[in-house]
Structures are given as structure tokens and as C-alpha cells.
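Per-entry structural report
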Amino acid sequence: MKVVHLDQVESFFMDGAGVNWKPLRAELDVRAFGTNAYAAEPGELVVEQHTEGSTGHEEMYVVIRGRARFTVGGEGFDAPAGTVVFLDDPTVQREARAEEPQTLVLAVGAKVGEAYRVTMWEYGWRAHRARTEGRWDDARAITEEGLREYPEAAPLLFALACVEAHEGLQHEAREHLRAAVAGGEYVRKWAEEEPLVAGLL
């Protein structure tokens, strides 16, 4: 058994999504389903604009504290504390903004009929957080775990290149960076903006 208060799960601002992410699944090492929490102040995103079309996940959002304004498939509605929003269509676009201070939303999701796999994006963001916090051993461990699940994932190959460059493994970093760009041209921009690997392409 594991017990944690959501306020004890330290949030991390995901600059690419514009939300304050509390990595609850990783905190508890949940393996049966995805679950995370998001915190926001008035006007801030508490659920980023997205669909689950790439994962096929059904998702449920629970407003734990505060109040949020959801927009789902173009329809807006108010969601005070205690509101549960269930989306069985992975392709519908959704987002939410906080309307009250310290708004907190819990998200739970998985694909119907399939065993849950930790998503590639979670590995990528956890590795990114570890790098920004100087936890390089953690960054390598998270990245390698992710690559065992998603061997050709461009974001994870990029993360590994960053770790290797930090460790002085320039040849390995260059090879993994090239593989990352080959798997996703968008990684080239990341590489140009990352001092660790900027000169390796």
C-alpha cells in the first residue's frame, strides 16, 4: 500500500504543454492505468489542449479543488470541485483553465481492452525534468527504461544524447542524436536550442 497527499507531489511546469504537472503515476509506480494531477491558478491551463487519438485512451478528469472551465469538442462548461468529466472518445479535443486559486485536477486514463503501458511522453518529460534538476543518473535510468518500451522514440533518443553529451560520450551522443532527428525532424530544433548537443549534428 502507498499513501500520498496530492499537495506532497511536487509539480513541474511542462513548458511544451503549459501546465503544472504532478507525476502521480510515477510517484506511486502505478502500472494498471495512467494517472496524474495538474495544478493551476486562475487563467492558467490545468488541462492542456489535446486529444488522446495517438494513445486511444479513455480519460476521466476529477476536479479535486477549486473550479475549472472545460472546453470539450468546442463546448464549454463550468466544473466546480467534485465534478467528474469522463471522455470515452479519445479523438475529441479537450482543455481546461482554472477559475479559482489552487485549482487541482486529477486525470485517469487507459485504453479499453489493452494492458496499460507507461506513455512515451511521460518518460520524456520525467527525463527532461531530471536533466533540468541536475539529476543525471535519474535522467539516464528513466531514458533507458523508456527506450526499452519505445526503442525508436525520437524524444527518448534525444534525451539519451543529452545525457551522453553531459557524460562526455560525444560519439555515442552524436549517433543517438542523428537517430533522433531521423525519427522526427522536429528534434533538430530541440538540438539547436540545447547547448549540450547543439554542435553535434
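Above this text you will find the structure in question.
Residues numbered from 1 in each chain as written. Predicted model: local features only at pLDDT ≥ 70, side-chain atom pairs only at ≥ 80, totals over all residues. Heavy atoms only, no water.

**A look at the environment of Gly73**
Tracing the backbone through its elements, the reader meets Gly73 in the loop between strand 6 (67–72) and strand 7 (75–80). As for Gly73 and Ser54, which are separated by 19 residues in sequence, their C-alpha atoms are 17 Å apart. Not counting chain neighbours up to four residues away, the residues in contact with Gly73 comprise Val92 and Gln93. (Helix = DSSP H or I, 4+ residues; strand = E, 2+ residues; numbered from the N terminus. Contact = heavy atoms within 4.5 Å.)

**Describing the nonpolar core**
Ranked by size, the top nonpolar core spans 29 residues in total, and within it Tyr123, Leu156, Phe158, Leu177, Val187, Val197 and Leu200 carry the most contacts. Counting residues per element, the ones that place at least two in this core are helix 2 (120–132), helix 3 (136–149), helix 4 (154–166), helix 5 (170–183) and helix 6 (187–193). A per-element tally of this core places helix 4 first, with 10 residues. Excluding residues within four positions of it along the chain, Val187 makes contact with Ala154, Phe158, Ala180 and Val181. Ranked by size, the runner-up nonpolar core spans 22 residues in total, among them Tyr38, Leu45, Val46 and Val105. (Core = buried A, V, L, I, M, F, W, Y, C linked by side-chain atoms within 4.5 Å. Buried < 20%, exposed > 50% of the residue type's maximum accessible area, 1.4 Å probe, protein only.)

**So, helix 4**
It helps to recall that an α-helix has 3.6 residues per turn; residues three or four apart then point in one direction. The terminal C-alpha atoms of helix 4, which comprises 13 residues, lie 18 Å apart, in line with the 18 Å expected from a rise of 1.5 Å per residue. Along helix 4, 12 of the 13 residues are buried, which leaves the element largely enclosed by surrounding structure. Ala154, Pro155, Leu156, Leu157, Phe158, Ala159, Leu160, Ala161, Cys162, Val163, Glu164 and Ala165 are the residues of helix 4 that are buried. A positive backbone phi angle near 85° is found at Gly168, which sits one or two residues after helix 4. (Expected span 1.5 Å × (residues − 1).)

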